[in-house]
Amino acid sequence: MNLRPLHDRVIVKRLEQETKTASGIVIPDSAAEKPDQGEIVAVGPGKRDDKGALIALNVKVGDRVLFGKYSGQTVKVDGDELLVMKEDDLFAVVEK
């Protein structure tokens, strides 16, 4: 992928959600909510403070993150749907 985010932005690929409930009911794609978890596929260099020093991001490529349902801007690259968002839009990193 040839996508390099700028400043404190990250690129996230949504993780697919289970389309079947615990009781075995299959949820159609039209009724399923978009997942609020994703994997970081690219990170920007960070943002600058008042003195111009670079502040690195707290996330790295491969991290699984939680974000808001309506966070980020959706873009399509090479047939993949990705989200571009600021690091501030992320809620948490899911530890494995």
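Residues numbered from 1 in each chain as written. Predicted model: local features only at pLDDT ≥ 70, side-chain atom pairs only at ≥ 80, totals over all residues. Heavy atoms only, no water.

Undergrad: How should the pattern of salt bridges be read in this particular structure?
TA: Once their charged atoms are close, side chains differing in charge can pair, the charge on each being opposite to the other. Overall, the coordinates contain one salt bridge when judged by the stated rule. A salt bridge links Asp63 to Lys60; its shortest N-O distance comes to 3.0 Å. For Asp63, a relative accessible area of 11% corresponds to the buried category. (Salt bridge = Lys/Arg side-chain N within 4 Å of Asp/Glu carboxyl O. Buried < 20%, exposed > 50% of the residue type's maximum accessible area, 1.4 Å probe, protein only.)

Undergrad: Would you take a moment to explain the confidence of the model for the chain for this structure?
TA: Low pLDDT marks regions whose predicted coordinates should not be analysed in detail. On average, residues of the chain score 83 in pLDDT, and 80% of them reach the 70 mark or higher. The secondary structure element of the chain with the lowest average pLDDT is strand 3 (residues 47-48), at 89, and the one with the highest is strand 5 (residues 64-67), at 93. (pLDDT = per-residue confidence, 0-100. Helix = DSSP H or I, 4+ residues; strand = E, 2+ residues; numbered from the N terminus.)

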